[in-house]
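Coordinate analysis (summary)
Each chain, letter by letter, is given below.
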Amino acid sequence: MTTDLFAVAGKVVVVTGGTAGIGLMLARGFVEAGARVYISSRKPDACLDAEKALSAHGWCRAIPGDVADPESARQLAAAITAAEGAVHVLVNNAGTTWGGPLEDYPDTAFDKVFALNVRGVFRLTVELLPALRAAARDGDPARVINIGSVEGSQVPSWENYAYPASKAALHMLTRQFAARLASDRITVNTLAPGPFPSRMIAFARDAPEY
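One structure accompanies this document, and this report is about it. Note that this is a predicted model, so its numbers are computed, not measured.

To continue, consider empty space enclosed by the protein. On inspection of all chains with the given rule, the structure shows 1 cavity of 30 Å³ or more. Top contributing element to the lining of the largest cavity by residue count: helix H5 (residues 107-127), with 4 residues. Tallied by class, the residues present in the lining of the largest cavity amount to 5 nonpolar, 4 polar and no charged.

Let us now look at the packing of aromatic side chains. Geometrically, a pair of aromatic rings is defined through the distance of the ring centres and the angle of the planes. With the rule as written, the count across this model stands at 5 aromatic pairs. Here Tyr 105 and Tyr 161 contribute two aromatic rings whose centre-to-centre distance is 5.3 Å and whose plane-to-plane angle is 80°, an arrangement assigned as edge-to-face. With a gap of 56 residues between them, Tyr 105 in the loop between strand E4 (89-92) and H5 and Tyr 161 in the loop between strand E5 (142-147) and helix H7 (162-181) connect regions that are remote in the sequence. Classification of Tyr 105 by relative accessible area gives buried; the value is 11%. Where Phe 122 meets Phe 177, the ring centres are 5.8 Å apart and the plane angle is 15°; that geometry is what we call stacked. With Phe 122 in helix H5 and Phe 177 in helix H7, this residue pair connects regions lying 55 residues apart in the sequence.

Next up on the list: the nonpolar core. Among the nonpolar cores identified, the biggest contains 31 residues, and Val 87, Leu 128, Leu 132 and Ile 186 are the most heavily contacted of them. Of all the elements in the fold, those that place two or more residues in this core are strand E1 (12-16), helix H4 (70-84), H5, helix H6 (129-135), E5, H7 and strand E6 (186-191). Here this core takes 5 residues from H5, the largest share from any one element. Ignoring any residue separated from it by four or fewer positions in sequence, one finds Val 87 in contact with Val 12, Val 14, Ile 80, Leu 128, Ala 131, Leu 132, Ala 135 and Ala 142. Formed by 17 residues, the second largest nonpolar core is a distinct cluster that contains Phe 30, Ala 35, Leu 54 and Ile 147.

Before going further, it helps to examine the packing of H4 against H5. Packed helix pairs are specified by the crossing angle of their axes together with the interaxial distance, meaning the distance between the axes. Running from N to C, H4 and H5 cross one another at 35°; their axes reach a closest spacing of 9 Å. In the packing of H4 onto H5, the handedness of the crossing is right-handed. Along its contact with H4, which presents Pro 70, Ala 73, Arg 74, Leu 76 and Ala 77, the element H5 presents Arg 119, Arg 123, Leu 124 and Glu 127. Tallied by class, the residues present in the contact of H4 with H5 amount to 5 nonpolar, no polar and 4 charged.

So, about the pattern of salt bridges. Summed over the entire model, instances satisfying the criterion amount to 9 salt bridges. One salt bridge connects Asp 184 with Arg 180, and the closest N-O pair in it is separated by 3.7 Å. Beyond isolated ion pairs, a larger network of salt bridges with shared partners links Glu 71, Arg 74, Arg 123 and Glu 127.

Moving on to the side chain of Glu 151. Following the sequence through the fold, Glu 151 ends up in the loop between E5 and H7. No salt bridge forms around the buried Glu 151; measuring N to O, its nearest opposite-charge neighbour Lys 167 is 9.2 Å away. With residues up to four places along the chain from it excluded, the contact list for Glu 151 reads Pro 156, Trp 158, Asn 160, Tyr 163 and Pro 164.

Right, let's get into the layout of surface pockets. Reported here for the second largest pocket is a volume of approximately 520 Å³. If you trace the second largest pocket, you find 19 residues lining it, with Phe 6, Val 8, Phe 30, Val 89 and Ile 145 closest to the centre. Among the secondary structure elements, those contributing two or more residues to the lining of the second largest pocket are helix H2 (21-32), E4, E5 and E6. Of the residues in the lining of the second largest pocket, the class split is 12 nonpolar, 4 polar and 3 charged.

A few words now on the state of the cysteines. Throughout the structure, instances matching the rule amount to 0 disulfides. In this model Cys 60 remains outside any disulfide bridge; the closest cysteine sulfur is found in Cys 47, 9.2 Å from its own.

With burial as the criterion, each face of E4 is covered, one bearing Val 89 and Val 91 and the other bearing Leu 90 and Asn 92. Sheet analysis places E1 next to E4, joined by 3 bridges and oriented parallel. Following the sheet pairing, Val 14 is matched in E4 by Leu 90. Pairing between E4 and E5: 4 bridges, direction parallel. Counted as the bridge partner of Val 91 is Ile 145 from E5.

About the cut-offs
- Residues numbered from 1 in each chain as written.
- Predicted model: local features only at pLDDT ≥ 70, side-chain atom pairs only at ≥ 80, totals over all residues.
- Heavy atoms only, no water.
- 1 Å grid on protein atoms, 1.4 Å probe; cavity = no way out; pocket = protein on both sides within 12 Å on 5 of 7 lines; lining within 4 Å.
- Points joined across faces, edges and corners; volume = space filled by probe spheres on them.
- Helix = DSSP H or I, 4+ residues; strand = E, 2+ residues; numbered from the N terminus.
- Nonpolar A, V, L, I, M, F, W, Y, C, P; charged D, E, K, R; others polar.
- Phe/Tyr/Trp six-rings, centres within 6.5 Å; stacked < 30°, edge-to-face > 60°.
- Buried < 20%, exposed > 50% of the residue type's maximum accessible area, 1.4 Å probe, protein only.
- Core = buried A, V, L, I, M, F, W, Y, C linked by side-chain atoms within 4.5 Å.
- Contact = heavy atoms within 4.5 Å.
- Axes fitted to C-alpha atoms, helices over the stretch in contact; angles between N-to-C directions.
- Left-handed = near helix turned anticlockwise from the far one by under 90°.
- Salt bridge = Lys/Arg side-chain N within 4 Å of Asp/Glu carboxyl O.
- Lys, Arg positive; Asp, Glu negative; His and termini not counted.
- Disulfide = S-S within 2.5 Å.
- Pairing = 2+ DSSP bridges.

In structure tokens form, the structure reads like this:
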């Protein structure tokens, strides 16, 4: 069984953007497999709702925080580290997008998307490095899993300029982290999903032209 092949029972897992979409799906999978799961989102109400739903399947705690804000990312890492000391798995899933026509595409779109999709991943990972190192063991490394996108390596069908660029940047950041942290017994990988049911791509899912 996969639960035996990839056992995470008793391990501490952090999932950002864990209140909806892929993040919520991943968090539930870890909870059901027996991990101690911390989820985070910038929306306190969403955190409470997701914590309640996931706690029906195992152990889950929600901590509101906006990882796009460096100070909020530091506070989130500090709260988790104070509670656990060690983190076995960090899933950097929180992300955002912004669509718009080329000639009207605003500078603020790049600021918002890159702050969360790239800088937020960098800052939270760095802040949690002591906890990841504390969890790492020979033959059982700590794990960082970044949620990228197929749009990081192929041109999308819609006008969405900041998001694909941010995911391409995240893929390279993952490679840099992986090279730097391997000696610390921390593996760093990216998952690059295609389309999936979520609010983020509702505009495309519900449009016949896509």
